[in-house]
Amino acid sequence: EPEVTQTPSHQVTQMGQEVILRCVPISNHLYFYWYRQILGQKVEFLVSFYNNEISEKSEIFDDQFSVERPDGSNFTLKIRSTKLEDSAMYFCASMSAGEPQNEQFFGPGTRLTVL
Amino acid sequence: LAKTTQPISMDSYEGQEVNITCSHNNIATNDYITWYQQFPSQGPRFIIQGYKTKVTNEVASLFIPADRKSSTLSLPRVSLSDTAVYYCLVGATDSWGKLQFGAGTQVVVTP
């Protein structure tokens, strides 16, 4: 069964450093998403991406965040200058446009720890 | 997106049926009801989706009354591995947009 993969599984960084979280969505999917989940809290939407551009972003997704699909397979989330409060699990998801139901497939997540 | 309300937690024993009810009083005509499951330190996983009446798959059943203001996820004969957080989400499937997760229902299954 195809699945979304994410690397690294755990990233530790110093405050102020840049990090890039990588995702490989399911190959025939067209819609891509990033979510985050702070420990003990709910899953929060960050951004959706379609046709090589952002289709929607939340208020969390400020100027320090960016997304990119640099080639036909990878989908990345960059955090330019990490803050302590960016520590969380970051989940990538992808979705096809097929019927009858459109479900988002989530990756296993990257645990980001900012020190 | 319609607001949803579901219990914070539910406890069950192995082999029992677990029913989680979600309220969504402001559901719109084109909204579907979708349930996701999340194990600790894993991404959410789609379980089931429905519009009205009853939907059943190999994992669960989803019961939706005629007024669609609530829905019930039924997990038959749960096992320890069904311990997870279960999320009820309401929205249009043609929006291709974000999923808005609430706090979910923590289900704990014990022997």
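Residues numbered from 1 in each chain as written. Chains lettered and ligands numbered in written order. Predicted model: local features only at pLDDT ≥ 70, side-chain atom pairs only at ≥ 80, totals over all residues. Heavy atoms only, no water.

Notes on the nonpolar core
Rule in force here: In plain words, nonpolar cores are sets of buried Ala, Val, Leu, Ile, Met, Phe, Trp, Tyr and Cys residues tied together by side-chain atoms within 4.5 Å. A 1.4 Å probe rolled over the protein chains alone gives each residue an accessible area, and that area as a share of the maximum for its type sets the label: buried under 20%, exposed over 50%, partly exposed in between. A run of H or I in DSSP counts as a helix once it spans at least four residues, and a run of E counts as a strand once it spans at least two, with each numbered from the N terminus. Should any heavy atoms of two residues lie within 4.5 Å, those residues are counted as being in contact.
With 22 residues, the main nonpolar core has Trp34(A), Leu46(A), Phe61(A), Val67(A), Phe75(A), Leu77(A) and Tyr90(A) as its most contacted residues. Listing elements by their share of this core, those giving two or more residues are strand 3 (19–24), strand 4 (31–37), strand 5 (43–50), strand 7 (65–68), strand 8 (75–79), strand 9 (88–95) and strand 11 (110–114) of chain A. Excluding residues that lie within four positions of it along the chain, Phe75(A) makes contacts with Leu21(A), Arg22(A), Cys23(A), Pro25(A), Phe32(A), Tyr33(A), Trp34(A), Phe49(A), Val67(A), Glu68(A) and Cys92(A). Ile64(B), Leu75(B), Cys88(B) and Val107(B) belong to the second-largest nonpolar core, a separate cluster that totals 20 residues.

Remarks on the state of the cysteines
So the rule is basically this: Pairs of cysteine sulfur atoms within 2.5 Å are identified as disulfides in what follows.
Applying the stated criterion across every chain yields a total of 2 disulfides over all chains. A sulfur-sulfur distance of 1.9 Å marks the disulfide that ties Cys23(A) to Cys92(A). The S-S bond linking Cys23(A) to Cys92(A) shows a torsion near -60°; that makes this disulfide left-handed. Taken together, the positions of Cys23(A) in strand 3 and Cys92(A) in strand 9 put the pair 69 residues apart, joining distant regions of the chain. Neither Cys23(A) nor Cys92(A) differs from the other in exposure class; each is buried. Paired through a disulfide, Cys22(B) and Cys88(B) show a sulfur-sulfur distance of 2.2 Å. Its S-S torsion of approximately -80° makes the covalent link between Cys22(B) and Cys88(B) left-handed. Here Cys88(B) lies in strand 8 (residues 84–91) and Cys22(B) lies in strand 2 (residues 18–23), a separation of 66 residues in the sequence. You'll find Cys22(B) and Cys88(B) in the same group, each marked buried.

Observations concerning the confidence of the model for chain A
Quick reminder of the rule: A residue's pLDDT is simply how confident the predictor is in it, with values from 0 to 100.
The predicted model of chain A averages 93 in pLDDT, with 96% of residues at 70 or higher. Strand 6 (residues 53–57) of chain A is the least confidently modelled element of chain A, averaging 92 in pLDDT, while strand 11 of chain A averages 98, the highest of any element.

With respect to the sheet that holds strand 6 (residues 61–64) of chain B
All names here are of chain B. Quick note on the threshold: DSSP calls a pair of strands paired once it identifies at least 2 bridges connecting them. Angles run from 0 to 180 degrees between N-to-C directions of axes, and those axes are lines fitted to C-alpha atoms, restricted for helices to the stretch in contact.
Here 4 strands make up an open sheet; going across it, the order is 2-7-6-5 and the pairing antiparallel. Edge positions in the sheet fall to strand 2 and strand 5 (53–56), since each of these pairs with one other strand and no more. Along the sheet, successive strands turn relative to each other by an average axial angle of 15°, direction set aside. Pairing of strand 2 with strand 7 (residues 70–75) involves 6 bridges; the strand directions are antiparallel. If you follow Ser23 over to strand 7, its bridge partner there is Ser70.

Examining the environment of Met15(A)
Residues and elements named next belong to chain A. Here Met15 lies in the loop between strand 2 (10–13) and strand 3. Note: C-alpha distance between Met15 and Leu115 (100 residues apart in sequence) is 5.7 Å. Here Met15 is in contact with Thr82, Lys83, Leu84, Val114 and Leu115, once residues within four sequence places are set aside.

Some words on the sheet that holds strand 9 (residues 105–110) of chain B
Residue and element names in this part refer to chain B. Spatial ordering of the open sheet is given by 1-9-8-3-4, a layout of 5 strands whose pairing is mixed. Looking along the sheet, the strands with just one partner apiece sit at the ends: strand 1 (9–13) and strand 4 (45–50). The average angle at which neighbouring strand axes cross in this sheet is 25°, direction not considered.

Brief notes about the environment of Trp35(B)
All names here are of chain B. Turning to its location among the elements, Trp35 is positioned in strand 3 (residues 32–38). Relative accessible area serves as the criterion here: at 0%, Trp35 is assigned to the buried category. For the pair Trp35 and Thr21, spaced 14 residues apart in sequence, the C-alpha separation works out to 11 Å.

Re unusual backbone geometry
A cis amide bond links Thr7(A) with the next residue in sequence, Pro8(A), at an omega value of -10°. For Pro8(A), the position within the fold is in the loop between strand 1 (5–7) and strand 2. Phi is positive for Ser41(B), close to 60°, though the residue is something other than glycine. Within the secondary structure, Ser41(B) is located in the loop between strand 3 and strand 4. Of note, Thr53(B) is a non-glycine position whose phi angle comes to about 60°, a positive value.

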